[in-house]
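Structural features, examined
Here's the letter readout for the chains.
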Amino acid sequence: MAMLSVKPGQRFTLPNWHANSHLISADAEHQRSASHQVRQEARALYNETNNQTKWDERDNHTRLAERISSVNRWKETLDKCLADIDAEIDALAKVKEAAERALQAKNLPLDVSIECLTLRESRRAIDVVRDPVEEELHKEVKVIDKAKRELQQRVDEAFEQLCLLQDARQQLSCDHWRKMEALEIDRMCLSLNVNSPNISFKVNPTRVPDGSTALDEWEQNSQRNKEHAEAEMKASTELREATVLAIAQTNNELEAQRVATEFSLRKRIRDLERAYDELKWQEQNTLEEIAEMEEDIRRLEEGLRRKTKDLKVVHTRLETRTYRPNMELCRDQVQYGLTDEAHQLEGTIRALRQKLAESQDALDALYRQLHRIRTDAGYKANSLVLDNKCMDSRRKLVVPAERFVPEVDTFNRTAN
């Protein structure tokens, strides 16, 4: 007879079996409840984090846009400031060039004034006089030297101001370039999204980079650069106005002095011409007087010779009558008459000789005066030639100064 096989191991009772089934069901219910709770919490967390992420992303997107707008406004401000400072640099450079041309143009008047003074050093004797022309020429030299010093000072100030403007422009340009870079970076950040190909995890992305600045510092830096540039532009504008005024003032002073000098020179030439004409007139009159004096001397000498002969006749008569014999040798009227005539002729001869000596002295004085007149006329003629040469030399001053002034490089200050 066959035997039934019996499984080895523990045997559970039916209540155990039912209890186990209830336990499994209860565990299943509990796990489903726990899972449901987790799912609800996960859904809530998902929705909450998703909304938070969207809002954060939106807020940062807005912040980026606002930051781009703020940086762009500063960039535009710097653009305008750069344009203004470039215009001011160009304007100041032109004024500096004008001042340098005006400075170069003062060399010709100075050379002319010194040339005139040198020419007038060739005057001779009494004509070497410190007249108004010489005083005006010395004054003109002083005016030109003063104008050159002032213009040179303006040129130096303009050069220094150009350097300051270039430095301010460099700061603006660097700030502008940095803002352009920042705009490019922020615009790239604004364009990123989850589908962008170049996104990835980074090492410690929330660190504060070295050299970071606060927003106030950033704002103050740009404001400081802008204000510095505006201050330099204001100083440059004032310098330009002062330089233009100095150029006009020095030109006016030099022109006024030139007019005064040439007025004195023309007046001096007229005085010299009148003095020369007066000397020539005196020379002519003196020559006429010399001619008349020489004629009178000849007449005196002729009269003296005649009176001498007459006296010889009287003396001969008187001597001859001394040879009358005896009683015929009487003092008759003829004797008295001849004696009176002899005395009269002797007095006349003495008077004629004295007058002849005086006439000779007067003639010698006339010749000395004629020599003095001719010498002084020579001095005046020489002075007239020199002063007319001065006038000819000063005609160069009415030619436009640009014909005598080379072009000058603004920054290197070298003549082309």
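The rules behind the values
Residues numbered from 1 in each chain as written. Predicted model: local features only at pLDDT ≥ 70, side-chain atom pairs only at ≥ 80, totals over all residues. Heavy atoms only, no water. Helix = DSSP H or I, 4+ residues; strand = E, 2+ residues; numbered from the N terminus. Rg over C-alpha atoms; globule rule 2.2 N^0.38 Å. Buried < 20%, exposed > 50% of the residue type's maximum accessible area, 1.4 Å probe, protein only. Contact = heavy atoms within 4.5 Å. Areas by Shrake-Rupley, 256 points an atom, 1.4 Å probe, with all protein chains shown as cover. Lys, Arg positive; Asp, Glu negative; His and termini not counted. Charge placed at Lys NZ, Arg CZ, Asp CG, Glu CD. Polar contact = N/O pair within 3.5 Å; in protein donor to acceptor, adjacent residues only side chain to side chain. Core = buried A, V, L, I, M, F, W, Y, C linked by side-chain atoms within 4.5 Å. Axes fitted to C-alpha atoms, helices over the stretch in contact; angles between N-to-C directions. Parallel < 35°, antiparallel > 145°, perpendicular 65-115°, else oblique. Left-handed = near helix turned anticlockwise from the far one by under 90°. Nonpolar A, V, L, I, M, F, W, Y, C, P; charged D, E, K, R; others polar. Phe/Tyr/Trp six-rings, centres within 6.5 Å; stacked < 30°, edge-to-face > 60°. Lys NZ or Arg CZ within 6 Å of the ring centre and 35° of its normal. UniProt positions renumbered as here; feature names shortened; annotations may be inferred. 1 Å grid on protein atoms, 1.4 Å probe; cavity = no way out; pocket = protein on both sides within 12 Å on 5 of 7 lines; lining within 4 Å. Points joined across faces, edges and corners; volume = space filled by probe spheres on them. pLDDT = per-residue confidence, 0-100. Disulfide = S-S within 2.5 Å.

1. Details of the overall build of the chain
Secondary structure assignment for the chain yields five helices and zero strands. Along the chain, helices (α) and strands (β) appear in the sequence α-α-α-α-α when read from the amino end. For 416 residues, the compact-globule estimate of 2.2 N^0.38 gives 22 Å, and the chain exceeds it by more than 25% at 62 Å. Overall size of the chain, expressed as C-alpha extent along the three principal axes, is 260 × 35 × 30 Å. Here the chain, with 416 residues, has 29% of them falling under the buried criterion. Of the contacts made within the chain by residues no fewer than 6 positions apart, 89% connect residues no fewer than 24 positions apart. Accessible surface computed for the chain: about 28,400 Å², of which carbon and sulfur atoms make up 54%. Across the chain, the 67 positively charged side chains and the 76 negatively charged ones have centroids separated by 1 Å.

2. Side note on the side chain of Ser-196
Summarising the element assignment, Ser-196 is placed in the loop between helix 3 (132–191) and helix 4 (215–321). Of note is the side chain of Ser-196, whose polar atom sits 2.9 Å from the backbone nitrogen of Asn-193.

3. As for the nonpolar core
Counting residues in each nonpolar core, the largest one holds 19 residues, and the members touching the most others are Val-112, Cys-116, Leu-137, Leu-265, Ile-269 and Cys-390. Mapped onto this core, the elements with two or more residues apiece are helix 2 (107–120), helix 3, helix 4 and helix 5 (333–394). When residues in this core are grouped by element, the largest group, six residues, is from helix 2. Once residues within four sequence positions are removed from consideration, Cys-116 is found in contact with Leu-137, Cys-390 and Arg-394.

4. Overview of the packing of helix 1 (residues 14–105) against helix 3
For any two helices packed against each other, the geometry comes down to the angle between their axes and how far apart the axes lie. Where helix 1 contacts helix 3, the axes come no closer than 8 Å and their chain directions differ by 160 degrees. By the angle class used here, helix 1 and helix 3 are roughly antiparallel. As helix 1 runs across helix 3, the sense of the crossing is left-handed. The class makeup of the residues in the contact of helix 1 with helix 3 is 27 nonpolar, seven polar and 13 charged.

5. A short note on the packing of aromatic side chains
Under the defined criterion, the tally for this structure stands at zero aromatic pairs. A cation over a ring is seen here: Arg-67 above Trp-218, with NZ or CZ 3.9 Å from the ring centre.

6. Remarks on the UniProt feature "coiled-coil region" (unreviewed entry) in the chain
On the UniProt side, "coiled-coil region" (unreviewed entry) is annotated at positions that read residues 134–161, 269–310 and 342–369 here. Helix makes up 100% of residues 134–161 and strand 0%, whereas the separation of the span's terminal C-alpha atoms amounts to 40 Å.

7. Describing the layout of surface pockets
The space that makes up the largest pocket amounts to roughly 920 Å³. Broken down by secondary-structure element, the contributors of at least two residues to the lining of the largest pocket are helix 1, helix 3 and helix 4. In terms of residue class, the lining of the largest pocket is built from 11 nonpolar, eight polar and seven charged.

8. Quick word on the packing of helix 1 against helix 4
One can describe the packing of helix 1 onto helix 4 by two numbers: an axis separation of 9 Å at closest approach and a directional angle of 20 degrees. In terms of orientation, helix 1 lies roughly parallel with respect to helix 4. You can see that helix 1 and helix 4 cross each other, and the crossing is left-handed. In terms of residue class, the contact of helix 1 with helix 4 is made up of 17 nonpolar, seven polar and six charged.

9. Brief notes about the environment of Asp-79
Positionally, Asp-79 belongs in helix 1. In this structure Asp-79 comes out as partly exposed when scored by relative accessible area, which is 29%. When the C-alpha positions of Asp-79 and Leu-172 are compared, they lie 8.8 Å apart, and in sequence the two are 93 residues distant.

10. Some remarks on the confidence of the model for the chain
Confidence in the prediction for the chain averages 86 pLDDT; 94% of positions are at 70 or higher. Here helix 2 is the element of the chain with the lowest mean pLDDT, 87, and helix 3 is the one with the highest, 91. Within the model, the stretch residues 401–416 combines pLDDT values under 50 with 36 contacts to residues more than four positions away or in other chains.

11. Re unusual backbone geometry
Phi at Ala-125 takes a positive value of approximately 55 degrees, unusual for a residue other than glycine. Mapping Ala-125 onto the fold places it in the loop between helix 2 and helix 3. The class for Ala-125 is partly exposed, based on a relative accessible area of 46%. Located in the positive-phi region is Asn-204, a residue other than glycine, with phi close to 45 degrees. Positionally, Asn-204 belongs in the loop between helix 3 and helix 4.

12. Notes on the side chain of Gln-257
Topologically, Gln-257 is positioned in helix 4. With a relative accessible area of 8%, Gln-257 lands in the buried category. Residues within four places of Gln-257 in sequence aside, it is in contact with Glu-136, Lys-139, Glu-140 and Val-143.

13. Describing the state of the cysteines
As enumerated under the stated definition, the model contains zero disulfides in all. You can see Cys-174 has no disulfide; the closest cysteine sulfur is in Cys-81, sitting 14 Å from it. Taking relative accessible area as the criterion, Cys-174 reaches 28% and is therefore assigned partly exposed.

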